[in-house]
Amino acid sequence: MQSNAFRLLFLGDMVGKDSLEAFRKYAIGWREELGLDMVIVNGENLANGSGITVKIANELWRSGVDVVTTGDHVWKQRDFIRRIDEFPFIIRPANYPPGAPGKGYIIWAATRGVRVAVLNLLGRVFMQPVDCPFRKADEVLSELEGKTDIVLVDFHAEATSEKIAMGYYLDGRVAAVLGTHTHVPTADAKLLPKGTAYITDVGMVGPQYSVLGRVVDNVVRKYVAGIPQRFPVAEPPIEFNGVVVDIDLESKRVCSIEQWKKLIYLD
Ligand SMILES: [Fe+2]
Ligand SMILES: [Fe+2]
């Protein structure tokens, strides 16, 4: 299905190996069914819920994804810190301090001649300190001038206010500001006044019956007893949470943003 809109699917934090397995099984079918030009996932929770390994990065590449964003968990797996540069399709938050390995944005030469930049930013409210995501966004946008047709931002952050503020800060300057990190989808997908598609959080790709992807009993025990617990990733079914964004090919303006949800039972 080809239309005069460029259509992308953006999926939130992917948690654990079963999420990747479900994605690998269904992604190609969804491309066809939804007429997708591009698929982006946030992969920061793939390795047992925390980070990405080299093996997972290779599996991701074979699974039919175009770009992978990350977040505060990106450095949780040691081998990946040294080897992130081997994976050009994976980005990490751009506002990590200078000298961090990897890169904070990518220009993806998409189908139908559209150059898509994806920028990953990390919030600072209720999170570990990093450089200012707002100033970093300005800096990257001026670097990107004339080099890209569409800019998408994954703003990986905890506080709803910081995320909404970023949406308005970038309104009219980027195609979309899509929130990740909380693993819970928000019901506020909209076009902002100057045309940027926005959602506070797209939600996760992870076990449906879980606390943010982790086994329920362990998390409950932590809260009830106050004793530290291990937090293994829960079992399938896997819920997929994301958004489908349509961008007019001629004007490069966003036509629509819609939440997208699927539940997958793995045998
Ligand atoms: Fe996160
Ligand atoms: Fe996450």
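Our structure's up above, just so we're on the same page.
Residue numbers run consecutively from 1 along every chain, following the written order of its sequence. Ligands are numbered from 1 and chains lettered from A, in the order in which they are written. Reporting of local features is limited, given that this is a predicted model, to residues whose pLDDT is at least 70; pairs of side-chain atoms are given and counted only at 80 or more, and all residues count toward the totals for whole chains, interfaces and linings. With hydrogens and water stripped out, all remaining heavy atoms of the structure feed into the side-chain values.

*Asks:* For this particular structure, what's the right way to read the coordination of the iron ion (ligand 1)?
*Replies:* Each metal's donors are the N, O and S atoms found within 2.8 Å of it, except that Na, K and Ca use a 3.2 Å limit; water is left out, so coordination can look incomplete. At the metal site, the iron ion (ligand 1) is ligated by E44 (OE), D72 (OD), H156 (NE2) and H181 (ND1), and these contacts range over 2.1 to 2.2 Å. Every donor counted, the four donor atoms about the iron ion (ligand 1) form angles of 87 to 145° at the centre, which fits irregular coordination. In primary-sequence terms, the residues that donate to the iron ion (ligand 1) follow E-x27-D-x83-H-x24-H. When four donors show all angles between 85 and 135 degrees the site is tetrahedral, when four or six donors have opposite pairs over 155 degrees and all other angles between 65 and 115 it is square planar or octahedral respectively, and in every other case it is irregular.

*Asks:* I tried to follow the coordination of the iron ion (ligand 2) on my own but got confused; where do I start?
*Replies:* Those donors, D13 (OD), E44 (OE), N45 (OD1) and H183 (NE2), are the protein atoms that reach the iron ion (ligand 2), and they lie 2.1 to 2.2 Å from it. For the iron ion (ligand 2), the four donor atoms are set out with angles of 85 to 173° between them, so the coordination reads as irregular. Spacing between the donor residues of the iron ion (ligand 2) along their common chain follows D-x30-E-N-x137-H. A spacing of 3.4 Å is found between the iron ion (ligand 2) and the iron ion (ligand 1), which share E44 as a donor. Here N45 lies in the loop between β2 (38–42) and α2 (54–62) and D13 lies in the loop between β1 (5–11) and α1 (16–34), a separation of 32 residues in the sequence. Both residues of the pair, D13 and N45, count as buried. The secondary structure listing takes helices from DSSP runs of H or I that are at least 4 residues long and strands from runs of E that are at least 2 residues long, numbered from the N terminus. Burial status follows relative accessibility: with a 1.4 Å probe on protein chains alone, a residue under 20% of its type maximum counts as buried, one over 50% as exposed, and anything between as partly exposed.

*Asks:* Would you mind going over the pairing of strand β7 (residues 176–180) with me for this structure?
*Replies:* Along any regular strand, the residues point their side chains to alternate faces of the sheet. In terms of burial, β7 is largely enclosed, as five of its five residues are buried. Neither face of β7 is exposed, since A176, L178 and T180 on one face and V177 and G179 on the opposite face are all buried. Pairing between strand β6 (residues 150–156) and β7: five bridges, direction parallel. Opposite F155, over in β7, you have G179 as the bridge partner. On the question of chirality, the crossover connecting β6 to the parallel β7 by way of helix α5 (residues 160–170) is right-handed. Strand pairing is assigned whenever DSSP detects at least two bridges linking the two strands. The handedness of a crossover follows from its direction of travel: if, with the strands pointing away from the viewer, the path from the first strand over the helix to the second runs clockwise, the crossover is right-handed.

*Asks:* Mind showing me how you'd approach the packing of aromatic side chains here?
*Replies:* The geometry of an aromatic ring pair comes down to the distance between the two centres and the angle between the two planes. Stacked, tilted and edge-to-face pairs are distinguished by plane angle, under 30 degrees for stacked and over 60 for edge-to-face with tilted covering the rest, among Phe, Tyr and Trp rings (Trp via its six-membered ring) whose centres lie within 6.5 Å. In this structure the tally under the stated criterion is eight aromatic pairs. Here W30 and F240 contribute two aromatic rings whose centre-to-centre distance is 4.9 Å and whose plane-to-plane angle is 75°, an arrangement assigned as edge-to-face. In this pair, W30 sits in helix α1 while F240 sits in strand β11 (residues 238–248), placing the two residues 210 residues apart along the sequence. Exposure class is identical for W30 and F240. Each is buried. Measuring from centroid to centroid gives 5.4 Å for F134 and Y169, while their planes differ by 75°, and the two rings are edge-to-face. Pair noted here: F134 is in helix α4 (residues 133–144) and Y169 is in helix α5, with a separation of 35 residues, a long-range link. Overall, the relative accessible area of 34% leaves Y169 in the partly exposed class.

*Asks:* What exactly am I supposed to notice about the nonpolar core here?
*Replies:* Note on soluble globular proteins: their nonpolar side chains tend to be buried together. Here, nonpolar core refers to any group of buried Ala, Val, Leu, Ile, Met, Phe, Trp, Tyr and Cys residues whose side-chain atoms link them within 4.5 Å. If you look at the biggest cluster of nonpolar residues, it comprises 38 residues, and the most contacted ones within it are F23, V41, L60 and F240. Counting only elements with at least two residues in this core, the list comes to β1, α1, β2, α2, β11 and β12 (254–264). Any two residues having at least one pair of non-hydrogen atoms within 4.5 Å are treated as being in contact. With near-sequence residues (within four places) excluded, F240 lies in contact with L11, S19, A22, F23, W30, M204, V205, W260, K261, K262 and I264.

*Asks:* Mind showing me how you'd approach unusual backbone geometry here?
*Replies:* Where the residue is not glycine, phi is negative for most of them; where a peptide bond is considered, it is trans in most cases. In this model, P236 is joined to P237 through a cis peptide bond whose omega is 10°. Locating P237 in the fold gives a position in the loop between α6 (216–225) and β11. One non-glycine residue, N48, lies in the positive phi region at around 50°. Topologically, N48 is positioned in the loop between β2 and α2.

*Asks:* What's the story with the packing of α4 against α5 in this structure? I'm lost.
*Replies:* If you want to describe how two helices pack, look at the angle between their axes and the distance between the axes. Axes here mean lines fitted to C-alpha atoms, for a helix over just the part in contact, with angles spanning 0 to 180 degrees between N-to-C directions. Closest axis-to-axis distance for the α4/α5 pair is 11 Å, and the angle between their directions is 30°. Relative to α5, α4 is oriented roughly parallel. Judged by the sense of rotation from one axis to the other, the crossing of α4 with α5 is right-handed. Taking contact as the criterion, the partners of P133, F134, A137, D138 and L141 in α4 are, on α5, E162, A165, M166, Y169 and L170. When residues are sorted by character, Ala, Val, Leu, Ile, Met, Phe, Trp, Tyr, Cys and Pro go into the nonpolar class, Asp, Glu, Lys and Arg into the charged class, and all the rest, Gly among them, into the polar class. Split into classes, the residues belonging to the contact of α4 with α5 amount to eight nonpolar, no polar and two charged. For classification purposes, an angle smaller than 35 degrees is called roughly parallel, one larger than 145 roughly antiparallel, one from 65 to 115 roughly perpendicular, and anything else oblique. By definition, turning the near helix anticlockwise from the far helix through less than a right angle yields a left-handed crossing, and turning it clockwise yields a right-handed one.

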